[in-house]
Amino acid sequence: MVVEVKKTHVKTGLQVITDFLEKVKVLTADRPDKVVIPAVLSLGGFTEEALVFCREQSIGTADEIAFF
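To start, this report covers the structure provided alongside it. Being a predicted model, the structure only gives us computed values, none of them experimental.

Cut-offs used in this document
- Residues numbered from 1 in each chain as written.
- Predicted model: local features only at pLDDT ≥ 70, side-chain atom pairs only at ≥ 80, totals over all residues.
- Heavy atoms only, no water.
- Helix = DSSP H or I, 4+ residues; strand = E, 2+ residues; numbered from the N terminus.
- Buried < 20%, exposed > 50% of the residue type's maximum accessible area, 1.4 Å probe, protein only.
- Core = buried A, V, L, I, M, F, W, Y, C linked by side-chain atoms within 4.5 Å.
- Contact = heavy atoms within 4.5 Å.
- Salt bridge = Lys/Arg side-chain N within 4 Å of Asp/Glu carboxyl O.

For the rest of this paragraph, the subject is unusual backbone geometry. One non-glycine residue, Ser-58, lies in the positive phi region at around 60 degrees. If you trace the backbone, Ser-58 turns up in the loop between α2 (48–57) and β3 (60–62). Owing to a relative accessible area of 60%, Ser-58 belongs among the exposed residues under this scheme.

Next comes the structure, spelled out in structure tokens:
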């Protein structure tokens, strides 16, 4: 699992997500024998455009951390 963490009050937009996806593609190319599960944690939330893109690209999203 590869997770990008954004600890800001500003919503994460599409550019941040596309940059992250490029990093994931490089990592995946370097490790073709591994399954990579991408996800983004943004404590400020996501723009609607970014959420739609994440769904289309199968990138997991979260806007909070739950402690148990």
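Most often, soluble globular proteins have nonpolar side chains that are buried together. Within the largest apolar cluster, 11 residues are counted, these being Ile-17, Phe-20, Leu-21, Val-24, Val-40, Phe-46, Ala-50, Leu-51, Phe-53, Cys-54 and Ile-59. Every element with two or more residues in this core is listed here: α1 (14–30) and α2. For Leu-21, the residues in contact, after removing those within four places along its chain, are Phe-53, Gln-57 and Ile-59.

Once that is clear, we can look at the environment of Glu-4. Inspection of the secondary structure puts Glu-4 in strand β1 (residues 2–6). Dropping the residues within four chain positions of it, Glu-4 is found in contact with Phe-20, Lys-23, Ala-39, Val-40 and Leu-41.

Next up on the list: the pattern of salt bridges. Within this structure, the stated rule accounts for 2 salt bridges. Close ionic contact of Glu-4 with Lys-6 constitutes a salt bridge, the shortest N to O distance being 3.2 Å. Each of Glu-4, Lys-6 and Lys-23 takes part in one network of salt bridges that share partners.

Purely geometric numbers; function is a separate question.
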